[in-house]
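Below, each chain spelled out in residue letters.
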Amino acid sequence: MAPSGPRSIKRGCQRVLYWIPVLFIALIVAWSYYAYVLQLCIESIEDTGEKVVYLLAYHAIFIMFVWAYWQTIFTKPMNPLKEFQLSHSDKELLEREDRGESQQEILRRIAKDLPIYTRTNSGAIRFCDRCQLLKPDRCHHCSVCDKCILKMDHHCPWVNNCVGFSNYKFFMLFLAYSLLYCLFITATDLQYFIKFWTKGLPDTQAKFHILFLFFSASMFSISLASLFIYHCWLVCKNRSTLVSEAVRAPVFRHGTDKNGFSLGFTKNFLQVFGDEAKYWPVPVFSSLGDGCSFPTCLVNLDPEQPSSPSGSSSASKSAAEGRQFPSKPLRESQSRLLTSTPSWSESEGAGDKDKKGASNPVMTIENEA
């Protein structure tokens, strides 16, 4: 009992320290609001029409930027469903066996009833010792959150949260609107920044806010532009920033495939932002799928492999009720990503016959003879 006290104090201090980058960003944004609205628009701009246009456009961008940032911070990352966790009997059986092929046989037996197609570099089943569960495809353990995160991209200190399946769209919008925010400030502040050097501004404290506002906005624009372009490339390729996807090729049952999750530019984009265009620019959840199973460029119907964890309808209902948002089922959302795939349309009828027995169609990696 004694060590738990210092350990809990240490963890509490760490949680406080993790919020420092977020607090820093919040202070920067608060100062930029004061400098732009009060010092630039109200105090320095004399033309009323220009002042009104700048303030309206600024607040529209500011609201979307803060909204996306809030959603990225406070949307909880999704964790694997309980069907991926080992039962008490499976845990005991795994502990009794020696490390090696015997344990892999147990894990393979359990994974046979789950939509798991990726493997470790050595070809083994991906298993998390910390969480005691079989990792769904694209799921990874975050050492900071100490949890397995569905479709984990990275843990971002600037939002003090894991960026993954549940908030990756919000993160992309946060990058987009923060870049637009900085570019707008830089563009509208430029003429007054020039007046600062030509002695065209009155000698008040506003001119120093205008000076530093231009410098900070332009510098943030450069860093944000590079980060946003990189993540746009990742979305187009349907990859994450993790080494297992961005650098190395993901390992599937049939072998490595660097573009294994890529369905083409349009379908990759829809997988993140959803198939309803009206929700694309809005920080509300609209991504396709459930985070546990993903269609790939090699998709075929496999009657022996489920596309969603097996279980009763009541268990599925309780799992869905515990989520943060209405996650679209695979049959409705993921199938739309694959409507142009011949192998999917040909086997659609066979999948509908089993509609009562399985809630979702099966996504497989290998083309089977």
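All values derive from a computational prediction rather than experimental measurement. All residue numbers refer to position in the chain's written sequence, counted from 1. In view of the model being predicted, local features appear only for residues whose pLDDT reaches at least 70, and side-chain atom pairs are presented and counted only at 80 or more, with totals across whole chains, interfaces and linings using the full set of residues. Heavy atoms throughout the structure, all of them, feed into the side-chain values; hydrogens and water do not.

Asker: Sorry, what's going on with the overall build of the protein chain here?
Answerer: The helix and strand tally for the protein chain stands at 13 helices and nine strands. With 369 residues in all, the protein chain has 47% of them scored as buried. Counted over contacts in the protein chain with a minimum sequence separation of 6, partners at least 24 positions apart contribute 68%. A 1.4 Å probe and the Shrake-Rupley method give the accessible areas. Residues count as covered only by the protein chains that appear here. Accessible surface, the protein chain as shown: approximately 19100 Å² in total, 62% of it carbon and sulfur. A run of H or I in DSSP counts as a helix once it spans at least four residues, and a run of E counts as a strand once it spans at least two, with each numbered from the N terminus. Remark: exposure states derive from per-residue accessible area (1.4 Å probe, protein chains only) relative to the maximum for the residue type, with buried under 20%, exposed over 50%, and partly exposed in between. Should any heavy atoms of two residues lie within 4.5 Å, those residues are counted as being in contact.

Asker: I would appreciate a short explanation of a nonpolar patch on the surface in the present structure.
Answerer: Taken together, the side chains of Trp 19, Trp 70 and Phe 74 present a nonpolar region at the surface, about 350 Å² in accessible area. As for its placement among the helices and strands, Trp 70 is situated in helix H3 (residues 48-74). Patch members must show over 30% relative accessible area and no salt bridge, and they are joined within 9 Å when carrying like charges or within 5 Å when they are nonpolar side chains of Val, Leu, Ile, Met, Phe, Trp or Tyr. By convention in these notes, a salt bridge is any Lys or Arg side-chain nitrogen within 4 Å of a carboxyl oxygen on Asp or Glu.

Asker: What am I meant to see in the environment of Leu 211 here?
Answerer: By the element assignment, Leu 211 lies in helix H7 (residues 206-237). Considering only alpha carbons, one finds Leu 211 and Ala 35, 176 residues apart in sequence, at a separation of 9.9 Å. The contact partners of Leu 211, leaving out residues within four places of it in the chain, are Phe 193, Phe 196 and Trp 197.

Asker: What is the right way to look at helix H6 (residues 168-197) in this model?
Answerer: An α-helical segment advances 3.6 residues per turn. Residues three or four places apart therefore align on the same side. Given a helix with a known number of residues, its expected span is that number minus one, times 1.5 Å. For H6, spanning 30 residues, the distance from its first C-alpha to its last is 42 Å, which sits close to the expected 44 Å at 1.5 Å a residue. Most of H6 sits out of view: 21 of its 30 residues are buried. Of the residues trailing H6, Lys 199 is marked for its positive phi of about 60 degrees.

Asker: It is not clear to me how the pattern of salt bridges should be interpreted in this structure. Could you clarify?
Answerer: Opposite charge on two side chains permits them to pair, given that their charged atoms come into close proximity. Evaluated as defined, the whole model comprises six salt bridges. Here Arg 108 and Glu 101 are joined by a salt bridge, their closest N and O atoms 2.2 Å apart. A relative accessible area of 32% places Arg 108 in the partly exposed class. Glu 101 sits in the partly exposed class, given a relative accessible area of 49%. Among the ionic pairs, Glu 105 bridges to Arg 108, the shortest N-O distance being 2.8 Å. Taken together, the positions of Glu 105 and Arg 108, both in helix H5 (residues 101-111) and three residues apart, correspond to about one turn of that helix. Among the ionic contacts, a cluster of salt bridges with common partners joins Glu 101, Glu 105 and Arg 108.

Asker: Got a minute to help me understand the confidence of the model for the protein chain in this structure?
Answerer: Detailed reading of the predicted model is not advised wherever pLDDT is low. Confidence per residue, as judged by the predictor, is encoded in pLDDT with a range of 0 to 100. In the predicted model, the protein chain carries a mean pLDDT of 82, and 79% of its residues have values of at least 70. Confidence drops under a pLDDT of 50 for residues 299-305, and excluding neighbours within four residues, the segment shows 30 contacts in the predicted structure. Residue range residues 310-336 is modelled with pLDDT below 50. Its contacts to residues more than four positions away, or to other chains, number 48 contacts.

Asker: What exactly am I supposed to notice about unusual backbone geometry here?
Answerer: Note on backbone geometry: most residues besides glycine have negative phi, and most peptide bonds are trans. A positive phi angle, near 50 degrees, is found at Asn 160, a position not held by glycine. Secondary-structure assignment places Asn 160 in the loop between strand E6 (154-156) and strand E7 (161-163). Under the relative-accessibility criterion, Asn 160 is labelled buried at 16%.

Asker: Before we go on, may I ask you to explain the side chain of Thr 186 in this structure?
Answerer: Positionally, Thr 186 belongs in helix H6. Once residues within four sequence positions are removed from consideration, Thr 186 is found in contact with Phe 214, Ala 217, Ser 218 and Ser 221.

Asker: I keep staring at the packing of helix H4 (residues 88-96) against H5 and nothing clicks. Help me out?
Answerer: Helices that pack against each other are described as a pair by the angle of their axes relative to one another and the distance between those axes. Convention adopted: a line fitted to C-alpha atoms gives each axis, helices being fitted over their contacting stretch, and angles between N-to-C directions are expressed from 0 to 180 degrees. It is the contact of H4 with H5, at a shortest axis distance of 9 Å, that shows an interaxial angle of 160 degrees. What the angle tells us is that H4 and H5 run roughly antiparallel. Where H4 crosses over H5, the handedness of that crossing is right-handed. Between H4 and H5, the contacting residues are Asp 90, Leu 93 and Leu 94 on the first element and Gln 103, Ile 106, Leu 107, Arg 109 and Ile 110 on the second. Throughout, the ten residues Ala, Val, Leu, Ile, Met, Phe, Trp, Tyr, Cys and Pro are labelled nonpolar, Asp, Glu, Lys and Arg are labelled charged, and all others, Gly among them, are labelled polar. Partitioning the contact of H4 with H5 into residue classes produces five nonpolar, one polar and two charged. Roughly parallel means an angle under 35 degrees; roughly antiparallel, over 145; roughly perpendicular, 65 to 115; everything else is oblique. A clockwise turn of the near helix away from the far one marks a right-handed crossing, whereas an anticlockwise turn of less than a right angle marks a left-handed crossing.

Asker: Whenever I open this one, the sheet that holds strand E9 (residues 255-256) confuses me. Can you help?
Answerer: Pairing between the strands of a sheet comes from backbone hydrogen bonds, and it takes one of two forms, parallel or antiparallel. The criterion for strand pairing is that DSSP finds at least two bridges linking the strands in question. Read across the sheet, three strands follow the order E1-E8-E9 without closing on themselves; strand pairing throughout is antiparallel. Strand pairing shows two members of the sheet lacking a second neighbour, strand E1 (118-119) and E9, which therefore form its edges. Of the strand pairs in this sheet, E1 and strand E8 (residues 251-252) are connected by two bridges, and their pairing is antiparallel. When the sheet's bridge partners are listed, Thr 118 is paired in E8 with Phe 252.

Asker: Which parts of the structure should I look at to understand H3?
Answerer: Relative to the 39 Å expected for 27 residues at 1.5 Å per residue, H3 spans 38 Å between its end C-alpha atoms, a close match to the ideal helical length. Of all the positions in H3, only Glu 50, Tyr 54, Tyr 58, Ile 61, Phe 62, Phe 65, Ala 68, Tyr 69, Gln 71, Thr 72 and Ile 73 are classed as buried. Structurally, H3 contributes buried residues whose contacts are with helix H2 (20-42), E7 and H6. Any N or O atom pair separated by 3.5 Å or less is treated as a polar contact, with the protein-specific requirement of one donor-capable and one acceptor-capable atom, and with residues adjacent in sequence counted only for side-chain atom pairs. Where H3 starts, the residue carrying a side-chain oxygen 3.2 Å from the main-chain nitrogen of Gly 49 turns out to be Asp 47.

Asker: Could you clarify how one ought to interpret the UniProt feature "transmembrane region" (unreviewed entry) in the protein chain in this entry?
Answerer: Mapped onto this numbering, the UniProt entry gives "transmembrane region" (unreviewed entry) at residues 16-36, 52-70, 170-188 and 208-230. The annotated region residues 16-36 carries 95% helix and 0% strand content, and the separation between its end C-alpha atoms amounts to 30 Å. Helix makes up 100% of residues 170-188 and strand 0%, whereas the separation of the span's terminal C-alpha atoms amounts to 26 Å. UniProt positions are given in the numbering used here, feature names are shortened, and annotations may be inferred rather than shown by experiment.

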